[in-house]
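Summary of the model geometry
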Amino acid sequence: MAKKDRKELVIIGAGPGGYAAAFHAADLGIKVTLIDPEVNPGGVCLYRGCIPSKALLHLAKTKEEAMQASKWGMKFEEPKIDIKKVASWKEKVVKKLTEGLGQLSKARNIEYIQGKAKFTGKNELEVTDNKGKTSGLSFEKVIIATGSSAVGLPELEIDHEKIWDATDALELKEIPKKMLVVGGGYIGLELGSVYAALGTKVSIAEMTPGFLPGADRDLVKVFEKSEAFKNVFFETKVEKVKITKKGVKVSLKGKKEEQTKKFDCVLVAVGRKPNTQNLGLEKLGIAANENGFLEVDDRRRTKLEHVFAIGDITGEPMLAHKASHEGRIAAEVIAGKKGAAYDPKVIPAIVFTNPELAWCGLTEEEAKEKNKNVKVVKFPWSASGRAVAIGENTGLTKLLIDKETEVILGGAVAGKNAGSLIPEIALAIEMGSTASDLSLTIHPHPTLSETIMESAELFYGGATHYKKS
């Protein structure tokens, strides 16, 4: 092992949390060393997650909208899908963005080390490059940003041939005729939607009574109206699988019956787990909690003054934008900025299906559980001129408003571009805005953003374009 080289700040993991922390720390005058196995920053999000999946979802939505246009008098032929060209385009998107991050890293004079790191002492690391060569370094401060990985199931061993994980699905090796997606969360729904648009007959098996456990049911119902999937098996568990030359036989056990179905492949999308193992945490004298997460304070610091942790390894929600924000906070704390602390009122969640679903703050289910004195107002998109004009009249926008103070506590959107609409509601909650603030803010017409304004108007009785009977 080579002689240890002391670093001012080391960041382990170059995903959205790690590279955001590295870039901000460098901008604040800190000398940064960033360590990651990939050739450029980006992490799972850019290489095998958020970005490639959204690229493919864009194609899926393009096809669906083209097919929908036939109802309005513009008929297209059934599109021909060149899977190799689609995969190549997706890879070009990933390459462009990750190389861009590499250039930004160099522009900030960040030392980038391609390899994997583990702790060998309280201020020491061992780095192993892709060729197996090891070297040591020491550090003054460190940020752990190693992200998360897909959760497997004992009865479904992923062989990457017939039993896939999300990474396999994004590689687009083939378009199977029949696919079972195990898991009705956001990953399962998004990737299932992609393959359904590509021509696969997709079925979903979910252990709970509905899609997206934790999300309000009125949002989920908007998605269910799209009827994207061939079969849906709720409150159903995969009991066993048998791989054959022709595909996979799957035994599904529901509340009332057990049945066997045949599929060309099975996609396992049941969640993610924090990457806190094999880091040598015991050498630091810290350990993950019972759920595998590292516990941190509002400054993203572990129980050790010089050790920080951000992103998926610090707990739910496991979202890239949460990790990025945490990374910037950690960088500011290390730089000595007074008042730097992680204290968001809301973290928006988005499911990029067609239609999109997005929410932030207090949900309707949480309001009931906590006996919150709120008024829930819902504006149906069937009353929105813009929504009707683009064939999106099944959507809805809703707000949860404190009855006494009129302060916005939560909100949700289901429909086209929901992910681009939810930040206005998130900002309103962060700013402590009231229903009056939103209703009196002039929104451009005709836009989907008006549905937020008119939802706020409903708090006072009736909106311009909707009156609840």
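Keep in mind that this is a model prediction, so the values were computed, not measured.

**Looking at the pattern of salt bridges**
Under the criterion given, the structure shown has 19 salt bridges. One salt bridge connects K398 with D218, and the closest N-O pair in it is separated by 3.0 Å. Of the two residues, K398 is situated in strand β21 (residues 396-402) and D218 in helix α7 (residues 217-224); the sequence distance between them amounts to 180 residues. One exposure class covers both K398 and D218, and it is buried. Of the charged contacts in the structure, one is a salt bridge between R300 and E326, with a shortest N-O distance of 2.5 Å. Within this pair, whereas R300 is found in the loop between α8 (281-284) and β17 (307-309), its partner E326 is found in helix α9 (residues 320-334), the two being separated by 26 residues in sequence. Relative accessible area serves as the criterion here: at 8%, R300 is assigned to the buried category. Looking at E326, the relative accessible area reads 0%, which means it is buried. Each of D216, D218, E364, K378 and K398 takes part in salt bridges that share partners, so that together they form one network.

**A short note on a positive patch on the surface**
Judged by side-chain charge, K178, K201, K230, K240, K242, K246, K249, K261 and K262 come together as a positively charged surface patch. Secondary-structure elements contributing two or more residues to the positive patch are β12 (237-244) and β14 (258-263). Here K261 lies in strand β14. The partly exposed category is assigned to K261, whose relative accessible area is 30%.

**Quick notes on the packing of helix α3 (residues 50-68) against helix α4 (residues 83-107)**
Running from N to C, α3 and α4 cross one another at 135°; their axes reach a closest spacing of 9 Å. Taken as axis vectors, α3 and α4 run oblique relative to one another. Helix-helix and strand crossings are classified by hand; for α3 and α4 the assignment is right-handed. Contact with α3, carried on its side by I51, P52, A55, L56 and L59, involves V86, W89, K90, V93, V94 and L97 of α4 and no other residues of that element. Looking at the contact of α3 with α4 residue by residue, the class counts come to 10 nonpolar, no polar and one charged.

**Let's talk about the nonpolar core**
General note: in soluble globular proteins, nonpolar side chains tend to be found buried as a group. Membership of the largest hydrophobic core comes to 39 residues, with the highest contact counts inside it found for L172, Y195, F211, L212 and W359. Here this core takes seven residues from helix α6 (residues 186-198), the largest share from any one element. Beyond its immediate stretch of four places on either side in the chain, L172 contacts L56, I83, V86, A87, Y195 and L198.

**Details of unusual backbone geometry**
The peptide bond linking E316 to P317 adopts the cis configuration, its omega dihedral lying at -5°. With respect to the helices and strands, P317 occurs in the loop between β17 and α9. At the junction of H445 and P446, the peptide bond is cis and its omega measures out at -5° in the coordinates. The phi angle at H160 is positive, at roughly 65°, despite the residue not being glycine. Considering the arrangement of structural elements, one finds H160 in the loop between β7 (148-150) and β8 (163-164). For H160, a relative accessible area of 36% gives the class partly exposed. With a phi angle near 60°, N278 is a residue other than glycine that sits in the positive phi range. Along the chain, N278 turns up in the loop between β16 (272-274) and α8.

**Focus on the sheet that holds strand β15 (residues 265-268)**
Whether parallel or antiparallel, the strands of a sheet pair through hydrogen bonds between backbone atoms. Ordered in space as β8-β15-β9-β10-β11, the five strands form an open sheet in which the pairing is parallel. Strands at the two margins of the open sheet, each flanked by one partner only, are β8 and β11 (231-233). One ladder, built from five bridges, connects strand β9 (residues 178-182) with strand β10 (residues 201-205); its direction is parallel. When the bridges of β10 are listed, M179 appears paired with V202. Along the sheet face, α6 touches β8, β9, β10 and β15 and points at about 165° away from the line of β10.

What counts and what doesn't
- Going along each chain's sequence as written, the residues are numbered from 1 onward.
- pLDDT decides what is reported in this predicted model: residues at 70 or higher carry local features, side-chain atom pairs at 80 or more are listed and counted, and totals for whole chains, interfaces and linings draw on all residues regardless.
- The side-chain figures draw on all heavy atoms in the structure; neither hydrogens nor water molecules are used.
- Salt bridges are defined by distance alone: a side-chain nitrogen of Lys or Arg within 4 Å of a carboxyl oxygen of Asp or Glu.
- The helix count covers DSSP runs of H or I at least four residues long, the strand count covers runs of E at least two residues long, and both are numbered beginning at the N terminus.
- Between buried and exposed lies partly exposed: a residue is buried under 20% and exposed over 50% of the maximum accessible area for its type, with that area taken using a 1.4 Å probe on protein chains only.
- Residues enter patches when their relative accessible area tops 30% and they take part in no salt bridge; the joining distance is 9 Å for like charges and 5 Å for the nonpolar side chains Val, Leu, Ile, Met, Phe, Trp and Tyr.
- Each accessible area is a Shrake-Rupley estimate made with a 1.4 Å probe; only the visible protein chains count as cover when residues are assessed.
- We count Lys and Arg on the positive side and Asp and Glu on the negative side, and we leave His and both chain ends out.
- A single reference atom marks each charge: NZ on Lys, CZ on Arg, CG on Asp, CD on Glu.
- What counts as an axis is a line fitted to C-alpha atoms, over the stretch in contact for a helix, and the angles between N-to-C directions run from 0 to 180 degrees.
- We call two directions roughly parallel when the angle between them is under 35 degrees, roughly antiparallel when it is over 145, roughly perpendicular when it lies between 65 and 115, and oblique otherwise.
- Here a crossing is taken to be left-handed if its near helix is turned anticlockwise relative to the far helix by less than a right angle, and right-handed if that turn runs clockwise.
- It only takes one pair of heavy atoms within 4.5 Å for two residues to be counted as in contact.
- Each residue gets one of three labels, nonpolar for Ala, Val, Leu, Ile, Met, Phe, Trp, Tyr, Cys and Pro, charged for Asp, Glu, Lys and Arg, and polar for the others, Gly among them.
- We call a set of buried Ala, Val, Leu, Ile, Met, Phe, Trp, Tyr and Cys residues a nonpolar core when their side-chain atoms join them within 4.5 Å.
- Here the rule is simple: two strands pair whenever DSSP picks up at least two bridges between them.

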